[in-house]
Amino acid sequence: RRTRLALWAMVVLVATSAYLWLLAGSYGVWPLVIIVLVAAGWVAWDGGGDRRTALVLMVTLLFATTVVYAAGYDIMEIRPYYLTAVLALGLWVVLGLNWLHKKIGGRAALAAAALLVVATGLSNTSECNERRNTLVEDMTLDVLENLPDNAIVLSAQWDFWVAGSWYLQAVEKVRPDVLVIDPELLRRSWYLDQLDRAYPRFMASLDDETSVFRKELYKFEHGLPYDASTIEAAYTGLMNAMIRKHIDERPVLVTSEVRSDVGGDYSRIPFYLAFRLLKDGAYLPQEFPTYRFQALEGRISVYTVKLAELYARNTYARAVYEERFGRSSLARRYLELASSFDPGVALDEIPPQPLDGNERVAETLRWFDGLGTVPTGNQKESIIFVGTVPIILIRGVEA
C-alpha cells in the first residue's frame, strides 16, 4: 500500500546484505550512520505515521543494525550474533503471511506457513543437529578422569574442555578434587573473586602475589595508566606462585598452550592430555589410555579438527617421550593412537569456514599428513628437549 515504504525497506535490505557479503569483518560506523540517515530522511519526506509503517520501519532497522553491528566481530562462533536479524526475517514472513491471508484466504496462508516450516526443517536440520556431538563432554572426561588425585591444572583450552569442566565438576560431581585454573581468565578480577569463594584455602596461600596483581589489574580494568611490564610480571608471578607453593603437596599440570615461563623451573612430562610438572626428568609411567573420542562424520570445522589435533599432539609427544627412554614398542603404540585421530579429510574437501578457518583447518590436516614415525635408533639426535618438552626434528622438518 505504501510504495515508497516498500522500496525503502527493500533498498535497506539489499544494501545491508551486500555489506555483510562484501565487507563483513572490516567494521565501520558509516553503514549504520547511512541507514539511520536514510530512515530519518524517509520519515521526514513521507510523513507516514500509522502502526503498520512503524512496524515496517522497526523490523527493517532491526535487521540492518544487527547485521552491520555483528559484521564487525572477527570471531569463529559468529552465528548467534545474527539471531536478532533472524527475528526480523521472521517478522517479515509474518507480514507476508498476513498479506496472503487477506488476498487468498486463511487455509492457503496456513498451507504456505506449513510449507515454510517443513522447508526450513529439511534444509537446516542436518547442519544444526548436534545430538551426536559429545566431543567436549568426552574430552572433558578424558582430561579429568586421567588426572592424579587432587591435581591442579592450568589450561586455556576453554572451548575444548575447561568450560565443560565447570559443569561436570559442579553439577555432576566429576572429579571435584581437581582444581582447574584458566590462565586467560586470571586477567580479570571477577575470576579472582570466584577463585576466592570456591577455593579459599588455596587462594589464601597466594595473598601476597594476588594483592600485587590486583593492584595492577585495577588500573587496567578502570582505564588508569599502568605499566605493561609490571602487570605482566605480577600476572606471571601469580601463576608461578600457584605452582611453587603447591607442587610438593599436589600434582601440578599444564596444557600445551600455557607459556613456557609458567612453571619454567620444572620439567614438562607428557601425561595423557596434559603435561605434568616435575622437579626432575625421571621417567613417569602412565597406563596406556583408552579415550572416549569419536569423530563426527561429515562435520569438519575449526573446532572439530583442532580438538582431534589436541588429542594427537599430546599422544605423539608421549610417543617421543617413550622412545627417549628406550621403550620403542610402546612408542609405536602411541604413534598409532595419535594417527587414529586424523580427521581423514583432503585439503580440497574443507567446507567454507568463518574468518581464516579454512587455513587453520588446512594447517591441522597438513600436520596429520606429516605424522609419520617416531625417531628411533640413529635418529634420536634429531629430538631436542627443552627440559623434557620435545621439539622434534624429523628429516629436517620441525614437527
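Everything discussed here concerns the structure shown above.
Please read these numbers as outputs of a predicted model, since none were measured by experiment. (Residues numbered from 1 in each chain as written. Predicted model: local features only at pLDDT ≥ 70, side-chain atom pairs only at ≥ 80, totals over all residues. Heavy atoms only, no water.)

Caption draft 1: Just the sheet that holds strand S2 (residues 179–181), in detail. Here we have five strands laid out as an open sheet, ordered S2-S1-S3-S5-S4, and mixed in their pairing. The open sheet is flanked by S2 and strand S4 (267–271), the only strands paired with a single partner. Taking each pair of neighbouring strands and ignoring which way they run, the sheet shows an average axis angle of 30°. Relative to strand S5 (residues 274–278), strand S3 (residues 252–254) runs antiparallel, the two sharing two bridges. Residue pairing for S5: valine 254 is matched across the bridge by phenylalanine 275. Contacting S4 and S5, helix H12 (residues 302–324) runs over the sheet at an angle of about 110° to S4. (Pairing = 2+ DSSP bridges. Helix = DSSP H or I, 4+ residues; strand = E, 2+ residues; numbered from the N terminus. Axes fitted to C-alpha atoms, helices over the stretch in contact; angles between N-to-C directions. Contact = heavy atoms within 4.5 Å.)

Caption draft 2: Fine view of the nonpolar core. Ranked by internal contacts, the top residues of the largest apolar core, which has 41 residues, are Met139, Leu147, Trp161, Tyr311 and Phe341. For this core, the element with the most residues is H12, which contributes eight residues. Counting 31 residues, the second largest nonpolar core, distinct from the first, contains Leu195, Leu217, Val254 and Val258. (Core = buried A, V, L, I, M, F, W, Y, C linked by side-chain atoms within 4.5 Å. Buried < 20%, exposed > 50% of the residue type's maximum accessible area, 1.4 Å probe, protein only.)

Caption draft 3: Region of interest: the pattern of salt bridges. A complete count under the given rule lists 20 salt bridges for this structure. With a closest N to O distance of 3.4 Å, arginine 292 and aspartate 142 form a salt bridge. With arginine 292 in the loop between S5 and H12 and aspartate 142 in helix H6 (residues 135–144), the pair connects residues that are 150 residues apart, well separated along the chain. The partly exposed category is assigned to arginine 292, whose relative accessible area is 34%. The exposure class assigned to aspartate 142 is buried, which follows from its relative accessible area of 1%. The residue glutamate 145 makes a salt bridge to arginine 292 at a minimum N-O spacing of 2.9 Å. A residue pair is termed long-range when its members are at least 10 positions apart, and glutamate 145 in the loop between H6 and strand S1 (152–154) and arginine 292 in the loop between S5 and H12 qualify at 147 residues. Connected through shared salt-bridge partners, Asp142, Glu145 and Arg292 make up one network. (Salt bridge = Lys/Arg side-chain N within 4 Å of Asp/Glu carboxyl O.)

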